[in-house]
Amino acid sequence: MAILDINIYGDEVLRKPCKPIEKITPELVTLAKDMLETMYDAPGCGLAAPQIGKNIRLVVIDTAIPDEEEPRPYIMFNPEWDVEPGSALATNEEGCLSLPDVWGNVTRPNKVWVSYIDVNGERQTIHNCEGLFCRCIQHECDHLDGKLFVDKISTADRAMNASKLRKLAKRK
Ligand SMILES: [Zn+2]
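## Quick word on helix α1 (residues 26-41)
Logical step 1: The end-to-end C-alpha distance of α1 is 23 Å, a good match for the 22 Å that 16 residues give at a rise of 1.5 Å each.
Logical step 2: Within the span of α1, buried status applies to Ala 32, Met 35, Thr 38 and Met 39. Along the axis of α1, the buried positions cluster into a sector of 120 degrees, meaning they face one direction only. Within α1, the exposed residues directed more than 90 degrees away from the buried face are Pro 26, Glu 27, Thr 30 and Asp 41.

Listed below in structure tokens is the structure:
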């Protein structure tokens, strides 16, 4: 297991659309496990491959509360999601390991399904994802399309974070 470097806002790799994964190889499974390790170490509840410099459709998620709940790690290759019947919009604060100290409210559907390929190459579908898990799936899948949560925050939140964003983008 290894802790990987996390790319920060301003790094071009975060803005590139990611390629679908054709075959689940042992190397990809090792990479995914390293991503989980990196995410727990940060700490965070989700990490997408572009954040560690790979433009491939892979995300890892664990929204269990550290030290209170058993870990619930998910490794998702080629994840896709859509809203469930009865889904409404919900607004909640988000942050991102690639945007340290930046926070803002994002409005997203509050009930979705997610479908992905697991480490054994099998298709899995989880229905009625809600709460933080639901939000995290959407946030991580956005990364695979080169989108960041700050693209979706209000003008007020953007103004509040403007100088932090400028500093992050310029830090190299
Ligand atoms: Zn993120």
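## Details of helix α2 (residues 131-144)
Side chains that are three or four residues apart share a direction in an α-helix, a result of its 3.6 residues per turn.
Logical step 1: Helix length check: α2, at 14 residues, gives a terminal C-alpha distance of 21 Å against a target of 20 Å (1.5 Å per residue), a fit within 8%.
Logical step 2: With 10 of 14 residues buried, α2 is to be regarded as a mostly interior element.
Logical step 3: Just downstream of α2 lies Gly 146, where phi reads positive at about 75 degrees.

## Remarks on the sheet that holds strand β1 (residues 46-48)
Each strand in a sheet pairs with another by means of backbone hydrogen bonds, the pair being arranged parallel or else antiparallel.
Logical step 1: In spatial order, the strands read β1-β2-β3-β6-β7; together these 5 strands make up an open sheet with antiparallel pairing. The open sheet is flanked by β1 and β7 (123-129), the only strands paired with a single partner. Ignoring strand direction, the axes of neighbouring strands in this sheet form an average angle of 35 degrees.
Logical step 2: In this sheet, strand β6 (residues 112-117) lies alongside strand β3 (residues 74-83) in antiparallel orientation, the contact comprising 5 bridges. Within the sheet, the bridge partner assigned to Val 83 lies in β6 and is Val 112.

Thresholds applied
- Residues numbered from 1 in each chain as written.
- Predicted model: local features only at pLDDT ≥ 70, side-chain atom pairs only at ≥ 80, totals over all residues.
- Helix = DSSP H or I, 4+ residues; strand = E, 2+ residues; numbered from the N terminus.
- Expected span 1.5 Å × (residues − 1).
- Buried ≥ 20, exposed ≤ 12 C-beta atoms within 10 Å, placed from the backbone.
- Arc of directions from axis to C-beta.
- Pairing = 2+ DSSP bridges.
- Axes fitted to C-alpha atoms, helices over the stretch in contact; angles between N-to-C directions.

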